[in-house]
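Structural overview for review
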Amino acid sequence: MRMAGKTVLVTGGNSGIGFAAAKRLSEEGATVVITGRNEATLSESKAALGESAFAFRLDATDFVGLESGLASIVRDVGNFDAVFLNAGDASLTPVGGTTVEQFDHLIATNLKSPFFYVQALLPHLRNNASIVLNSSIGNAIGMPGMAAYAASKAGLIGMARCIASELSGRAIRVNVVSPGNIRTPFWRTVADAALIPAVHEFATRSVPLGRLGEAEGVAEVVLFLCSSESSYVQATELYVDGGVTGAMMGAPAYRQG
Ligand SMILES: NC(=O)c1ccc[n+]([C@@H]2O[C@H](COP(=O)([O-])OP(=O)(O)OC[C@H]3O[C@@H](n4cnc5c(N)ncnc54)[C@H](OP(=O)(O)O)[C@@H]3O)[C@@H](O)[C@H]2O)c1
C-alpha cells in the first residue's frame with residue numbers, strides 16, 4: 001500500500017480526474033477527503049470510495065468561507081500528507097466576445113483558488129507533504145476561444161515554482177500535472193452534449209498516441225506525485241497528454257497514409 005496511513009485532500013473529487021485520483025489514492029490506503037459543489041455527486045462518490053472517505057461541500061471560489069471550511073474538515077480528519085488541487089472550470093472566452101465576469105470566474109476558479117487553498121492549508125500540512133496542482137496542455141498550446149482558461153492554467157506553472165521555493169524549507173513538494181484530452185464530463189463546459197462525439201473524434205486526431213486519455217491514467221501520475229516514490233521531484237510539470245505537447249507532428253492529423 002503506497003499511501004497507507006496518509007490523509008489526502010482532493011478538490012473536485014466528485015467527478016472525472018479528481019474522482020479517479022481519489023479512488024486510486026484510496027485503493028492505496030489513503031484516507032481521502034473530497035470536495036465539490038454538487039451534493040448528489042459528492043454523496044455518490046463518497047459511497048463509491050467507501051468507509052474511509054469523507055466528502056464536504058466546498059465551493060472553490062468561496063474565499064470568505066475557505067479557512068473556516070478547511071479548519072472544520074481538519075477537525076474531522078487531521079492534517080494532510082498530500083493535496084490534489086484539481087477543481088477547475090472552462091468556458092469559451094473569445095477575444096471580442098468575453099465579459100469581465102467570465103474572465104474573472106475562470107481566473108478565480110483555476111488560479112486564485114489554488115493559491116488561497118495552499119495558503120489556508122499551510123497550518124494543516126504535515127512537513128514532507130505533497131501538493132499537486134492540476135494544469136492543462138492549454139498552458140502550452142494556443143486553442144481558439146481558450147485565452148482565459150489558458151492564462152489560468154499557465155499561471156499555475158509559475159505559481160507552483162514560487163510556492164515550491166517558499167515551502168522547500170519544510171520539505172513540502174509542489175508539482176503540476178498537465179493533462180491532455182481526457183475523457184471526462186469536462187468537455188461539456190466548452191461544447192454542446194450533441195457535439196461531444198465529434199469533438200472527441202477531432203481531438204483524437206491531434207494525439208500522437210491516437211486515443212483520448214482516461215481519468216485513470218492521470219490518477220496514476222497524481223498517485224506517483226503524492227507518494228514518497230516522487231520524494232525528490234520538486235517544482236516540476238508532468239504532461240499526461242499522449243504526446244500532444246511534445247510530439248505534435250506524430251499525431252494522426254499530420255501522419256501520411
Ligand atoms: N478533461 C480534460 O480533458 C482536462 C484536460 C486538462 C485539464 N483538465 C483539468 O482537470 C480538472 C478536473 O476536470 P475533469 O476533466 O475531471 O472535469 P469534471 O469531471 O467536469 O470535474 C470538474 C471538477 O471540478 C469541480 N469544480 C468546478 N468548479 C468548482 C468550484 N467552484 N468549487 C468546487 N468544485 C468545483 C467540479 O465539482 P462540481 O461538479 O461539484 O462543481 C468537478 O468535481 C480541471 O481543473 C480541468 O481544468 C481536464
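Keep in mind that what you see is a predicted model, and the values were worked out from it rather than measured. Throughout, residues of each chain are indexed from 1 in the direction in which the sequence is written. With the structure being a predicted model, the display of local features is reserved for residues of pLDDT at least 70 and the display and counting of side-chain atom pairs for 80 or more, all residues being used for whole-chain, interface and lining totals.

**With respect to the overall build of the chain**
Comment: elements are numbered from the N terminus, with helices defined as DSSP H or I runs of at least four residues and strands as E runs of at least two. When you go through the chain residue by residue, the secondary structure sums to 7 helices and 9 strands. Only the C-alpha atoms count toward the radius of gyration. The rule for a globule is 2.2 Å times the residue count to the power 0.38. Scaling as 2.2 N^0.38, a compact globule of 257 residues should have a C-alpha radius of gyration of about 18 Å, and the chain matches this with 18 Å. Residues are scored as being in contact if the C-beta atoms we place from backbone atoms lie within 7 Å. The long-range share in the chain, meaning contacts at least 24 apart out of those at least 6 apart in sequence, stands at 72%.

**Notes on the site of the ligand**
Taken together, 26 residues sit near the ligand, with G12, G16, G36, G88 and F186 positioned nearest. Of the residues contributing to the shell around the ligand, the split by class is 7 nonpolar, 16 polar and 3 charged. Note on definitions: a residue is near a molecule or strand provided its C-beta atom, placed from the backbone, lies within 6 Å of it. Gly falls in the polar group here, along with every residue not listed as nonpolar (Ala, Val, Leu, Ile, Met, Phe, Trp, Tyr, Cys, Pro) or charged (Asp, Glu, Lys, Arg).

**What about the nonpolar core?**
Buried Ala, Val, Leu, Ile, Met, Phe, Trp, Tyr and Cys residues form a nonpolar core when they are connected through C-beta atoms within 7 Å. With C-beta atoms placed from the backbone, a residue is buried if 20 or more other C-beta atoms are within 10 Å of its own, exposed if 12 or fewer are, and partly exposed between those counts. In this structure, V8, V32, F84, V222 and C226 are the most contacted members of the largest nonpolar core, which totals 50 residues. A total of 8 residues in this core trace back to one element, the largest contributor, which is helix α7 (residues 215–226). Beyond its immediate sequence surroundings of up to four residues, V222 is in contact with A21, F84, V132 and V177. Of all hydrophobic cores here, the second largest spans 6 residues; its members include A90, L106, A148 and A150.

**Considering the pairing of strand β4 (residues 80–85)**
The element β4 is extensively covered by neighbouring structure, given that 6 of its 6 residues are classed as buried. Bridge count for strand β1 (residues 7–11) against β4 is 3 bridges, and the pairing is parallel. Residue pairing for β4: V10 is matched across the bridge by F84. With 5 bridges connecting them, β4 and strand β5 (residues 125–134) associate as parallel partners. Bridge pairing in β5 places F84 opposite V132. Whether a crossover is right-handed depends on one test, that the path from the first strand over the helix to the second runs clockwise when the strands point away from the viewer. Regarding the hand of the β-α-β motif, the stretch spanning β4, helix α4 (residues 100–121) and β5 is right-handed. Strand pairing is assigned whenever DSSP detects at least two bridges linking the two strands.

**A look at the sheet that holds β5**
Pairing in this open sheet of 7 strands is parallel, and the strands run β3-β2-β1-β4-β5-β6-β9 from one edge to the other. Here the strands that pair on one side only, and so sit at the sheet edges, are β3 (54–57) and β9 (237–240). Put simply, the sheet's adjacent strands are angled 20° from each other on average, direction ignored. All axes are obtained by fitting lines to C-alpha atoms, using only the stretch in contact for helices, and the reported angles, taken between N-to-C directions, cover 0 to 180 degrees. α7 rests against β1, β4, β5, β6 (173–179) and β9 of the sheet, and its axis sits at about 170° to β6.

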